Amino acid sequence: MTTSPPNISSVSLAHRMPGRLHVFTRATRPIRAVAKATIFFLKVFPMLPSRPVDWVTKPPVIEKVKYPTRFGQAEGDLYRPAGGGPHHGIVVCLGVVPFGVDHPQVPILGKALARAGLVALLYWSPAMRNFRLDPDDVENIALAYRWLLERPDVDPARSGLLGTCVGGSFALMAATSPLIRDRVAFLAAYAPYSSMWTFARDIASATRPCGDGCEPWQVDPLTRKVFVHSVTALLEPDEAERFRSAYANEGGHLDSQGLSEDGRAVYALLTAPDADEAEIALHRLPPAMQERLAALTPLNYLNDLQAPLIVLLHDRGDQVIPVGESRRLVSALAGHTGVQYTEMLFQHLDPVKGKLPLFRLVRELGKFFLAVYPLFQQAVAS
């Protein structure tokens, strides 16, 4: 029995097609990155005209999911594209959200990410819901991220972390966890703090760095509330509640009579008249409290940071976290490749509050787009 020789042209075509497809895929990466970034940009800011995006993208799928933490299963919201994937994944650390998890801005962010092609898990911290910063969240975020990477619709080689406000600081610290640090393709943080030492000093003294000195700072009420709740976390519950009630508002007063030794140390910090006295009070806190501050300080984690792309953004006039905190991070990351930093004139990620003239608003929105574009470049890089 004779067999027909293979069709040489067909064999050659079969060999050439994968190569051509690879070349085509590489050539279209910038276009796909721009498209994804544009979709996200238009959908994340409600004031922008985004109706055309709805015409060319499918509505995202929203699911309630359970993911592991150190203390058992937690429930969160997962936003994903309608297609099967695999897609790049992202864990979003929203930080302390005073308006609650049902605020419309929360699903806006999740849907914007999903329409741009990401599987987004929104991480909610029980401690942050109670206005406290807790070192346990560092490992919990890492566990949530590892869980996300195990989903069949997520490409672990193209995934990363995003955090806003204190959530940005926790995303940065979580990215250094041995559980995930070699599996984080990108990290983005908007208005993070760099150190609980400098941040606490500035809040306590109501000042912030300015040149070689400091200037008065009108501390945001939410910032002060989180600060008070966090530095009193290790006190006895009744004593902690006394502090929190007394200092719920600026200018509060507490009778220091009857306080424990640890309570008196916290009292000295909360009543410090200036930055120097606040610094002294911080160093007089009990060892356990100082260790807690160290565990909440991103600067202490940077040596273990391996993410090839780190995008930092901050508003110059931010009243929640001073811009000097991000500048310290950028300075500390000077030897790390892939770091990009952008300063803007929004008001803590809100372009409307700043009431900028149209030309400046367009310019600042453009800076935001250029800042987040590398995230989508990274997402289509493989």
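See above for the structure.
Residues numbered from 1 in each chain as written. Predicted model: local features only at pLDDT ≥ 70, side-chain atom pairs only at ≥ 80, totals over all residues. Heavy atoms only, no water.

With that out of the way, let us pick up empty space enclosed by the protein. This structure, assessed with the given rule, holds two cavities of 30 Å³ or more. What the largest cavity holds in volume is close to 120 Å³. Forming the boundary of the largest cavity are 13 residues, of which Val166, Phe199, Leu222, Thr223 and Val226 lie nearest the centre. Those elements that provide at least two residues to the lining of the largest cavity are α7 (196-205) and α8 (221-231). Here the element with the most residues in the lining of the largest cavity is α8; it accounts for four residues. Per-class residue counts for the lining of the largest cavity are twelve nonpolar, one polar and no charged. Estimated volume of the second largest cavity: approximately 100 Å³. (1 Å grid on protein atoms, 1.4 Å probe; cavity = no way out; pocket = protein on both sides within 12 Å on 5 of 7 lines; lining within 4 Å. Points joined across faces, edges and corners; volume = space filled by probe spheres on them. Helix = DSSP H or I, 4+ residues; strand = E, 2+ residues; numbered from the N terminus. Nonpolar A, V, L, I, M, F, W, Y, C, P; charged D, E, K, R; others polar.)

Turning to the packing of α8 against helix α10 (residues 261-270), a few remarks are in order. Relative orientation of the contacting elements α8 and α10 amounts to 160 degrees, with a least axis distance of 11 Å. With respect to α10, the element α8 is oriented roughly antiparallel. Considering how the two elements wind past one another, α8 and α10 form a crossing that is right-handed. Residues Phe227, Val228 and Val231 of α8 touch α10, and the partners they reach there are Val266, Leu269 and Leu270. (Axes fitted to C-alpha atoms, helices over the stretch in contact; angles between N-to-C directions. Parallel < 35°, antiparallel > 145°, perpendicular 65-115°, else oblique. Left-handed = near helix turned anticlockwise from the far one by under 90°. Contact = heavy atoms within 4.5 Å.)

Okay, the sheet that holds strand β5 (residues 154-164) next. Overall, mixed pairing links the eight strands, which are arranged β1-β2-β4-β3-β5-β6-β9-β10 in an open sheet. A strand with exactly one partner marks an edge of an open sheet, and here the two such strands are β1 (61-69) and β10 (339-344). The sheet shows a mean angle of 20 degrees between the axes of neighbouring strands, direction not considered. Examined bridge by bridge, β5 and strand β6 (residues 186-190) share five bridges and lie parallel to one another. (Pairing = 2+ DSSP bridges.)

Let us look at the packing of aromatic side chains. Evaluated as defined, the whole model comprises eleven aromatic pairs. Taken together, a centroid distance of 6.1 Å and an interplanar angle of 45 degrees make the contact between Tyr67 and Tyr123 tilted. In this pair, Tyr67 is assigned in strand β1 and Tyr123 in strand β4 (residues 118-123), connecting sequence segments 56 residues apart. The exposure classification of Tyr67 matches that of Tyr123, with both residues buried. An aromatic cluster of at least three residues, connected via ring pairs, comprises Phe41, Phe45, Phe346, Phe368, Phe369 and Tyr373. The ring of Phe131 has Lys225 sitting right over it, with the charged end atom 3.9 Å from the ring centre. (Phe/Tyr/Trp six-rings, centres within 6.5 Å; stacked < 30°, edge-to-face > 60°. Buried < 20%, exposed > 50% of the residue type's maximum accessible area, 1.4 Å probe, protein only. Lys NZ or Arg CZ within 6 Å of the ring centre and 35° of its normal.)

Checked against the element boundaries, Glu325 lands in helix α13 (residues 323-332). Engagement of the side chain of Glu325 in a polar contact is seen with the backbone nitrogen of Ser195, the distance being 3.3 Å. (Polar contact = N/O pair within 3.5 Å; in protein donor to acceptor, adjacent residues only side chain to side chain.)

Let us now look at the environment of Val228. Positionally, Val228 belongs in helix α8. With relative accessibility at 3%, the residue Val228 sits in the buried group. C-alpha of Val228 to C-alpha of Ile203: the two residues are 25 residues apart in sequence and 9.7 Å apart in space.

Those residues of helix α3 (residues 105-115) that sit buried are Val106, Leu109, Gly110, Ala112, Leu113, Ala114 and Arg115. Gly117 sits one or two residues past α3 and shows a positive phi near 100 degrees.

Before going further, it helps to spend a moment on the pattern of salt bridges. Evaluated as defined, the whole model comprises 19 salt bridges. Of the charged contacts in the structure, one is a salt bridge between Asp134 and Arg132, with a shortest N-O distance of 3.6 Å. Residue Glu343 pairs with Arg316 through a salt bridge whose shortest N-O separation is 3.0 Å. Of this pair, Glu343 sits in strand β10 while Arg316 is found in the loop between β9 (310-315) and α13, placing the two residues 27 residues apart along the sequence. Under the relative-accessibility criterion, Arg316 is labelled partly exposed at 41%. Connected through salt bridges with shared partners, the residues Lys43, Asp54 and Arg115 form a single ionic network. (Salt bridge = Lys/Arg side-chain N within 4 Å of Asp/Glu carboxyl O.)

Another point: the nonpolar core. Generally speaking, soluble globular proteins have nonpolar side chains that are buried together. In this structure, Leu133, Leu161 and Tyr193 are the most contacted members of the largest nonpolar core, which totals 79 residues. If one sorts the elements of this core by residue count, helix α5 (residues 136-149) sits on top with eight residues. Ignoring any residue separated from it by four or fewer positions in sequence, one finds Leu161 in contact with Ile90, Val91, Ile141, Tyr145, Ala171, Ala174, Ala175, Ile180, Val184, Phe186, Leu187 and Ala188. (Core = buried A, V, L, I, M, F, W, Y, C linked by side-chain atoms within 4.5 Å.)

The pairing of β9 with β10 spans six bridges and is parallel. Note on β10: the bridge partner recorded for Leu312 is Tyr341.

We now examine α8. Burial within α8 is extensive, with nine of its eleven residues counted as buried. Buried positions along α8 lie against α7, α9 (237-246), α10 and α12 (287-295). One side-chain oxygen of the residue at the start of α8 lies 2.8 Å from the amide nitrogen of Leu222, identifying that residue as Asp220.

Its location among the elements puts Asp137 in helix α5. The charged side chain of Asp137 is buried without a salt bridge, its nearest counter-charge being Arg132 at 7.4 Å. Setting aside anything within four residues of it in sequence, one finds Asp137 in contact with Tyr123, Ser125, Ala127, Met128 and Phe170. (Lys, Arg positive; Asp, Glu negative; His and termini not counted.)

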